[in-house]
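Given next are the chains, with one letter for each unit.
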Amino acid sequence: HGIPTAKISIPFSVDTVMVHHELHFQQIADVLEIDIEEIKTLNPQYKRLVIPAYSEPYPLRLKNKDIIKYLEYKDVYWR
């Protein structure tokens, strides 16, 4: 069909955390001080750059070091 393969470079040291409320990628990028493009690459299922966890939890994939930071800040920034 002539569809070229995508070159994706996802780091090996990634993990997933469950998000229990609506959260925008820019909020995550600002608080964790990471590039929003990295969040978009690791979470391509969210087309509108928002995790729509209104009534049920949704997964968020980040690098391991950022997961630790997310968990440290979650009660302060994301309630």
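Here is a short report on the structure shown in this document. (Residues numbered from 1 in each chain as written. Predicted model: local features only at pLDDT ≥ 70, side-chain atom pairs only at ≥ 80, totals over all residues. Heavy atoms only, no water.)

Brief notes about the pattern of salt bridges
- Under the counting rule described, the total for this entry stands at four salt bridges.
- Between E33 and K69 there is a salt bridge, and its shortest N-O distance comes to 3.9 Å. Here E33 is found in the loop between α1 (25-32) and α2 (36-42), whereas its partner K69 is found in helix α3 (residues 64-77), with 36 residues between them in sequence.
- Residue classification places E33 among the exposed residues on the basis of a relative accessible area of 67%. (Salt bridge = Lys/Arg side-chain N within 4 Å of Asp/Glu carboxyl O. Helix = DSSP H or I, 4+ residues; strand = E, 2+ residues; numbered from the N terminus. Buried < 20%, exposed > 50% of the residue type's maximum accessible area, 1.4 Å probe, protein only.)

Here we look at unusual backbone geometry
- The residue E33 is not glycine, and still its phi comes out positive at about 55°.
- Phi is positive for L49, which is not a glycine, with a value near 65°.
- Mapped onto the elements of the fold, L49 is located in the loop between α2 and β3 (50-51).

Things to note about the packing of aromatic side chains
- Scanning the entire structure with this criterion turns up two aromatic pairs.
- Ring geometry for F25 versus Y46: centroids 6.1 Å apart, planes at 90°, classification edge-to-face. In this pair, F25 sits in helix α1 while Y46 sits in the loop between α2 and β3, placing the two residues 21 residues apart along the sequence.
- We classify Y46 as buried; its relative accessible area is 8%.
- Between the aromatic rings of Y46 and Y58, the centroid separation amounts to 6.4 Å while the plane-to-plane angle is 55°, which identifies the pairing as tilted. Here Y58 lies in strand β4 (residues 58-63) and Y46 lies in the loop between α2 and β3, a separation of 12 residues in the sequence.
- Here the aromatic residues F25, Y46 and Y58 are joined through ring pairs into a cluster of three or more. (Phe/Tyr/Trp six-rings, centres within 6.5 Å; stacked < 30°, edge-to-face > 60°.)

Examining the nonpolar core
- Membership of the largest hydrophobic core comes to 18 residues, with the highest contact counts inside it found for I28, I39, I51, L60, L62 and Y70.
- Only β1 (14-19), α1, α2, β4 and α3 provide two or more residues apiece to this core.
- Filtering out sequence-adjacent residues up to four positions away, L60 remains in contact with D15, T16, V17, V19, I28, I39, N43, I51, I67 and Y70. (Core = buried A, V, L, I, M, F, W, Y, C linked by side-chain atoms within 4.5 Å. Contact = heavy atoms within 4.5 Å.)

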